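Chain by chain, the residues:
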Amino acid sequence: MSSIPAADEIDEAKERAHFQAVVNAFKYYKLCCLDRIHKSEKIISILPDLHQKRLDKYRTYLTKFKKCLDVNNSVVHLIIKHVDTMFENVDHTIDPAETNGTEIGCNYNNCDISSQKKHKMQHDVEKVQTVIKNIVRDWSEAGAAEREQCYKPILDELEARYPKQEFIDRSHIKVLVPGAGLGRLAWEIAARGFSCQGNEFSLFMLFASNFLLNKCHEENEYTVYPWVHQYVNHMTSEHQVTQATFPDIPPSSYQSHFSITAGDFLKVYKTADDWECVASCFFIDCAPNVIEFIERIYEILKPGGIWINLGPLLYHYSDMPNEISIEPPYDILMDIISDVGFEILKEKTGVKTKYAQNPNSMLQNEYNSVYFVCRKPSS
């Protein structure tokens, strides 16, 4: 009789499978994106001859889109080049026998995979496309306007509360940035002299931040085409092939008092009275139960510690099948924050913020975000 696998062995197997699925999404990026271009080409090819002729210029751009994908794909593969050993004490080296035909050279449309798995792969590749847009948001000059909206209020608050003075050593002020994404906000905080740690759960973001923070050494060393996957709401085809270079400043140029941790915020951070400040940006609505995030932030802050928050209340788990989610509006959320024990020092609503928005698109999405500063009482 076979023995039942231990729970930790099952968790390890699931973790390894998830890791490989994310790697495969990066590997399949180009093939899935080409599939979308081929669809347009096929549709045009069956149109009446006169219609095809009138679309000659557009067909030329479809060829340009393929070249843009080549450029993006070169960056995508640099991102996953060394991910199998990026985590300390964990080796995710992939045995080729385990990939079951999912190597880079496998033709996506001809792979023997079910339609359900193909749909899952397309969904995962969309996350890779989001990573490319986030690279532009966090680490290119093209994203400077969004960073001004979203990060500057938090940075200004830190500067005001801990001004540069002889008797203040910012390196002793520990700041945590949960939901750090690609690490720009945490990096900016550390660059101002604070001891800052970012925390991120998504492997898609962690793979990219590892590349950006540890492998990018020269200014504007790489190029991506972030909007090549967007096929609607363009004024011109040139807008779809707009490029962006990154990094606007080499992340590796500053490493002192700065780190990124991987994992679930609630599982990683359990030590009470440990941080002087928590700075959250587009984060708290990522929780199935936002109250757990509020309580944990309160717990890990030192007495007198500050919580700075900016973002919307999108509530990412809302309406997801088989997922729990609570979605309190802002007024009730602030009541909860007060009930947990926080003193509310500042509040501002209607803060205009965008997130990885194509500036040339006919459709512009903008949040009226909330900004608040809270303090854990000193006693």
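Provided above is the structure to which this section pertains.
For the structure given in this document, a descriptive report is provided here. (Residues numbered from 1 in each chain as written. Predicted model: local features only at pLDDT ≥ 70, side-chain atom pairs only at ≥ 80, totals over all residues. Heavy atoms only, no water.)

## With respect to the pairing of strand E1 (residues 174-178)
Of all five residues that make up E1, four are buried, and the element is covered over most of its length. Here E1 pairs with strand E2 (residues 195-200) via five bridges, running parallel. Looking at the pairing, valine 175 lines up with cysteine 196 of E2. Pairing of E1 with strand E6 (residues 275-281), which is carried by two bridges, proceeds in the parallel orientation. Looking at the pairing, leucine 176 lines up with valine 278 of E6. (Buried < 20%, exposed > 50% of the residue type's maximum accessible area, 1.4 Å probe, protein only. Helix = DSSP H or I, 4+ residues; strand = E, 2+ residues; numbered from the N terminus. Pairing = 2+ DSSP bridges.)

## Comments concerning the packing of helix H12 (residues 290-300) against helix H13 (residues 330-340)
At a closest axis distance of 10 Å, the pairing of H12 and H13 adopts a crossing angle of 35°. Helix-helix and strand crossings are classified by hand; for H12 and H13 the assignment is right-handed. On H13, the residues touching Val290, Ile291, Ile294, Glu295 and Tyr298 of H12 are Leu333, Ile336, Ile337 and Val340. Grouping the constituent residues of the contact of H12 with H13 by class yields eight nonpolar, no polar and one charged. (Axes fitted to C-alpha atoms, helices over the stretch in contact; angles between N-to-C directions. Left-handed = near helix turned anticlockwise from the far one by under 90°. Contact = heavy atoms within 4.5 Å. Nonpolar A, V, L, I, M, F, W, Y, C, P; charged D, E, K, R; others polar.)

## Some words on the packing of aromatic side chains
Evaluation of the coordinates by the stated rule reveals 18 aromatic pairs. Clustering of aromatic rings is evident, with ring pairs tying together Phe265, Tyr269, Trp275, Phe283 and Phe293. A cation over an aromatic ring shows up here: arginine 137 above the ring of phenylalanine 282, its NZ or CZ 5.5 Å from the ring centre. It is lysine 174 that lies over the ring of tryptophan 275; its NZ or CZ is 4.5 Å from the centre. (Phe/Tyr/Trp six-rings, centres within 6.5 Å; stacked < 30°, edge-to-face > 60°. Lys NZ or Arg CZ within 6 Å of the ring centre and 35° of its normal.)

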